[in-house]
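Spelled out, the chains give:
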Amino acid sequence: MTTTLLPGSTIGIFGNGQLGRMIALAAKPLGYRVHVFGPEAGSPAAQVADAESVARYDDRGAVERFASSCDVITLEFENIPVSAVHWAEAITPVRPGSNVLEVTQHRVREKSLCVDLEVPVPSFAAIESFEELRQALRGVGVPAVLKTATLGYDGKGQARIATAHDAAKAWDAIGARAAILEAFVPFVSEISIVAARGLDGSFRHWGVIENVHTSHILDTSVAPASVSDQTADHAVEIARQILEHLGVVGVMCVEMFLCSDGAILVNELAPRVHNSGHLTIEASPTSQFEQQVRAVCGLPLGDSSIRPAAMANLLGDLWANGQPAWEKALGGDAVKLHLYGKSEARAGRKMGHLTALGATTDEALRRVVSARNMLRKA
Ligand code: AMP
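Definitions and cut-offs
- Residues numbered from 1 in each chain as written.
- Predicted model: local features only at pLDDT ≥ 70, side-chain atom pairs only at ≥ 80, totals over all residues.
- Heavy atoms only, no water.
- Domains from an automatic or database assignment.
- Contact = heavy atoms within 4.5 Å.
- Buried area = accessible area lost by both parts, 1.4 Å probe.
- Salt bridge = Lys/Arg side-chain N within 4 Å of Asp/Glu carboxyl O.
- Polar contact = N/O pair within 3.5 Å; in protein donor to acceptor, adjacent residues only side chain to side chain.
- Helix = DSSP H or I, 4+ residues; strand = E, 2+ residues; numbered from the N terminus.
- Nonpolar A, V, L, I, M, F, W, Y, C, P; charged D, E, K, R; others polar.
- Axes fitted to C-alpha atoms, helices over the stretch in contact; angles between N-to-C directions.
- Parallel < 35°, antiparallel > 145°, perpendicular 65-115°, else oblique.
- Buried < 20%, exposed > 50% of the residue type's maximum accessible area, 1.4 Å probe, protein only.
- Pairing = 2+ DSSP bridges.

## Quick notes on the domain arrangement of the protein
Phase 1: Once the domains are mapped, the protein shows domain 1 (10-94), domain 2 (123-183) and domain 3 (189-375).
Phase 2: Look at where the C-alpha atoms of domain 1 and domain 3 centre, and you get two points 23 Å apart.
Phase 3: Domain 1 puts 18 residues into the contact, and the matching count from domain 3 is 19 residues.
Phase 4: Carbon and sulfur atoms supply 70% of the area buried between domain 1 and domain 3, which totals about 1600 Å² over both sides.
Phase 5: When the buried area of domain 1 at its contact with domain 3 is split by residue, Gln18, Met22 and Glu78 rank highest and sum to 32% of it.
Phase 6: Across the domain 1-domain 3 interface, the total number found is one salt bridge.
Phase 7: The salt bridge involving Arg272 is made with Glu78; its shortest N-O contact spans 2.5 Å.
Phase 8: Joining domain 1 to domain 3, the criterion identifies six residue pairs in polar contact (both at pLDDT 80 or more).
Phase 9: When residues of the side of domain 1 that touches domain 3 are traced back to their parent elements, those giving at least two are helix 1 (18-27) and strand 4 (72-75).
Phase 10: Grouping the constituent residues of the side of domain 1 that touches domain 3 by class yields 12 nonpolar, three polar and three charged.

Rendered as structure tokens:
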């Protein structure tokens, strides 16, 4: 039996960045109250929420008070300490739950789960010491990528190993700690499936999204990706299997590499709404953020059909010469601006994004990239 949390209920969000902000913005028209929890005041999510708890995740009293004030809790990033989620789960449902985080917070567990499900991943080895790294390089081969087992994102905690001589430098670069060594994949493209699983086990997705990263940070996403129906079905099936197996309630992103022989290898799982799904706000009747709200509240999942769209991230670098030229970029009807309310623009920091629709994905991509170019001040 599923219990629906009706509008008027309070949704708690662990984490208070832009993803929490966009979940909150989707929850409000549906009539929900939103309470966000995070360590800094005045955060992107708190600016649009009904209530804010400013506390650390190891402050058990604060976590318990927060949980007591919420009918359900969700999260906007996967590195919420599992202890905090356990404290909250003892009081109110947390969706997705600690069982999902325990896997997705650890790259070795994540890849091992894929192996158990017979979902292809790059060849990899778990590394606990420099000696293990040297040995593993013989099996995995070069080039390879060494990544910290925990707390890595946007390429942080990663080092490329071109030849076995780079091993010591790479081991130092990631802080000489538990890691995963992965074969470097010469992919033709990076794709993601953003999918949702409801409380009743229903499953929805927005098809294949194609992503381009620059310096390990997502730069642009387009949907629907130009892949064969067979590739699309295969990618969706992989995502379905993973969400099903983990019993996810909410949105999850499965990031994958597409290889020249058509093989799909899973790179990473994010048990939350995802940057590559931002374009669903304009491109689909149900955005990933509304779907997250529907899923965690036990409502039916919404229509996730999608129109050609493209998204371009706006990083802090654009602010190098002051405020970007917003008025120039917003001239085209098809371009929408989303800013996250961050006061300090640092290089590489995600400050906002632009989305454009088009008759084709190529047209949408041209529009969004040209709008972003117009933002740059000489
Ligand atoms: P991650 O934090 O694991 O998502 O990695 C960030 C980005 O680094 C990915 O989106 C890829 O562009 C690149 N990358 C990560 N792992 C590999 C790999 N095994 N082979 C090739 N590129 C990789």
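## Things to note about the packing of helix 1 against helix 10 (residues 288-297)
Phase 1: At a minimum axis separation of 8 Å, helix 1 and helix 10 run at an interaxial angle of 70°. Judged by the angle between their axes, helix 1 and helix 10 are roughly perpendicular. For the pair helix 1 and helix 10, contact is made by Leu19, Met22, Ile23, Ala26 and Ala27 and by Phe289, Glu290, Gln292 and Val293, respectively.
Phase 2: A per-class count over the contact of helix 1 with helix 10 returns seven nonpolar, one polar and one charged.

## A short note on the pattern of salt bridges
Phase 1: In the structure shown here, the tally under the stated rule is 14 salt bridges.
Phase 2: As a salt-bridge pair, Arg367 and Glu363 come within 3.7 Å of each other at their nearest N and O atoms. On the criterion of helical spacing, the pair formed by Arg367 and Glu363 is a turn pair, its members being four residues apart in helix 12 (residues 361-375).
Phase 3: Note on Arg367: relative accessible area 33%, which makes it partly exposed.
Phase 4: Taken together, the salt bridges that share partners define one network made up of Lys111, Lys147 and Glu182.

## Side note on the environment of Ala24
Phase 1: As for its position among the elements, Ala24 is in helix 1.
Phase 2: On the basis of relative accessibility, which here comes to 0%, the residue Ala24 falls in the buried class.
Phase 3: Remark: the alpha-carbon pair of Ala24 and Gly97, spanning 73 residues in sequence, is separated by 19 Å.
Phase 4: Excluding its chain neighbours within four sequence positions, the residues that come into contact with Ala24 are Ile13, Val34 and Val48.

## A few points about the sheet that holds strand 8 (residues 179-183)
Phase 1: Pairing is antiparallel in the open sheet, where four strands are placed in the order 5-8-6-7. Strands at the two margins of the open sheet, each flanked by one partner only, are strand 5 (124-127) and strand 7 (158-161). In this sheet, adjacent strand axes meet at a mean angle of 20° when their direction is disregarded.
Phase 2: In this structure, strand 6 (residues 144-148) lies alongside strand 7, joined through four bridges in antiparallel fashion. Bridging from a neighbouring strand, Ala144 pairs with Ile161 of strand 7.
Phase 3: Of the strands in this sheet, strand 5, strand 6, strand 7 and strand 8 touch helix 5 (residues 107-116), which is tilted by about 50° from strand 8.
Phase 4: Most of the contacts of helix 6 (residues 130-140) go to strand 5, to which it runs at about 175°, and overall it touches strand 5, strand 6, strand 7 and strand 8.

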